[in-house]
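As a plain string of letters, each chain reads:
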Amino acid sequence: MTTPHSTATPPKNMSLIPGGTYWMGSEDFYPEERPVHQVTVDGFWMDTTAVTVAEFRRFVKATGHVTTAEIAPDAADYPDADPALLVPGSLVFTSPPGPVSLDDYTQWWSFTPGADWRHPEGVDSNIGGRERHPVTHVSYFDAQAYAAWAGKELPTEAEWEFAARGGLDRQAYVWGDHDSPGGRPGGNVWQGQFPWENLLEDGYERTAPVGKFRPNGYGLLDMAGNVWEWTADHYTSDHAHSSKNVAPTSSCCIPRNPRAEFATEALAGEPYARRVIKGGSHLCAPNYCLRYRPAARQGESEESSTCHVGFRCIIRIPQT
């Protein structure tokens, strides 16, 4: 249960998102972002940064929480899986030595036994010096558990997108309509030819400490790139017609606080539902995944954990 907060008592390390009506989605990039439609969201507080390694460590110390990546998958959920892969672990990105087909993600993604939030690249890695980096290798279930412990919630897709835009309605990026503001990267994203050539123009090969790039109009940091972020919404291919309280785009009524509370689409062989992730990551590149934009969206299986997905939380302001 979320603890009520008024606008007069700012929660620690959170930014006030005033709420309002905006145009959600984009017609200019990927099909799942269409159609553009108006949405209204009420005000809320949002974590100024993604949840960091240090913050998540405090949660684990206080609760004893064991993340999904630290638990061996249930063979019943994956009857066709290689038994050698039914061990604790997570997905890790490894850059290939040269150009590869972009149709084969196994060229750069691999399930790595022993990879988890404490060991981001596998058992021989650690989080020393990364306390201010966003925590990664966390599933939707881990993010939900943290939010409940903190007295917060995960944002809906509509809330997340409104916050990311920072008041810049119908613009492509959180900083405006141009990919690189002032000729410099606006966030921790991939420069060069993905997945083999990383030019490091933003200074980071993997995740960056939170807050290394300019805030958006609401004072939020890293709403583009660094890590994808979990939302509460189930993933649907048409975000304008699948959520509770969402009127068709032709309707005279603008939906208020829409949310996709039920899984209406499933992929064959997937034992878990998919949730919407937003914001893109340090692995997003114009030649492969131009998704470090507020309208961009993907579906991620709830139990999945990777080296490029994290989260941040919100506290909704009670409406009078």
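For clarity, every value in this text was computed on a predicted model and none was experimentally measured.

Visitor: How would you sum up the side chain of Thr-207? Please name residues and give values.
Guide: By the secondary structure assignment, Thr-207 is in the loop between helix H3 (157-165) and strand S7 (228-234). Residue Thr-207 is classed as buried on the basis of its relative accessible area, which comes to 12%. Polar contacts involving the side chain of Thr-207 include one to the side chain of His-133, which spans 2.8 Å. Setting aside anything within four residues of it in sequence, one finds Thr-207 in contact with His-133, Pro-134, Thr-136, Asn-188, Asn-226, Val-227, His-282 and Cys-307.

Visitor: Explain the packing of helix H1 (residues 53-63) against helix H2 (residues 140-150) to me, using residue names and the numbers behind them.
Guide: Relative orientation of the contacting elements H1 and H2 amounts to 80°, with a least axis distance of 11 Å. The pairing of H1 with H2 is recorded here as roughly perpendicular in orientation. Of the residues in H2, those in contact with Glu-55, Phe-56, Arg-58, Phe-59, Ala-62 and Thr-63 of H1 are Asp-142, Ala-145, Tyr-146 and Trp-149.

Visitor: Could you give me a rundown of H3, with the residues and numbers involved?
Guide: With nine of nine residues buried, H3 is to be regarded as a mostly interior element. Among all positions in H3, only Glu-157, Ala-158, Glu-159, Trp-160, Glu-161, Phe-162, Ala-163, Ala-164 and Arg-165 are buried. Once H3 ends, the next one or two residues include Gly-166, with phi positive near 60°.

Visitor: Give a detailed account of the pattern of salt bridges, specifying residues and quantitative values.
Guide: Inspection of the entire model under this criterion finds 15 salt bridges. Residues Asp-47 and Lys-152 are paired through a salt bridge, measuring 2.8 Å at the closest nitrogen-oxygen approach. With Asp-47 in strand S4 (residues 44-47) and Lys-152 in the loop between H2 and H3, the pair connects residues that are 105 residues apart, well separated along the chain. One exposure class covers both Asp-47 and Lys-152, and it is buried. Among the ionic pairs, Glu-159 bridges to Arg-316, the shortest N-O distance being 2.8 Å. Of this pair, Glu-159 sits in helix H3 while Arg-316 sits in strand S11 (residues 314-316), and the two are 157 residues apart along the sequence. By sharing partners, the salt bridges in this structure join Glu-157, Glu-161, Arg-165, Lys-278 and Arg-297 into a single network.

Visitor: Before we move on, can you summarise the environment of Ser-110 with the specific residues and values?
Guide: Structurally, the position occupied by Ser-110 is in strand S6 (residues 109-113). Residue class for Ser-110 comes out partly exposed when judged on its relative accessible area of 34%. The sequence separation of Ser-110 and Phe-262 amounts to 152 residues, and the corresponding C-alpha distance is 30 Å. Among all residues touching Ser-110, those that are not within four sequence positions of it are Ser-90, Leu-91 and Val-92.

The rules behind each value
Residues numbered from 1 in each chain as written. Predicted model: local features only at pLDDT ≥ 70, side-chain atom pairs only at ≥ 80, totals over all residues. Heavy atoms only, no water. Helix = DSSP H or I, 4+ residues; strand = E, 2+ residues; numbered from the N terminus. Buried < 20%, exposed > 50% of the residue type's maximum accessible area, 1.4 Å probe, protein only. Polar contact = N/O pair within 3.5 Å; in protein donor to acceptor, adjacent residues only side chain to side chain. Contact = heavy atoms within 4.5 Å. Axes fitted to C-alpha atoms, helices over the stretch in contact; angles between N-to-C directions. Parallel < 35°, antiparallel > 145°, perpendicular 65-115°, else oblique. Salt bridge = Lys/Arg side-chain N within 4 Å of Asp/Glu carboxyl O.

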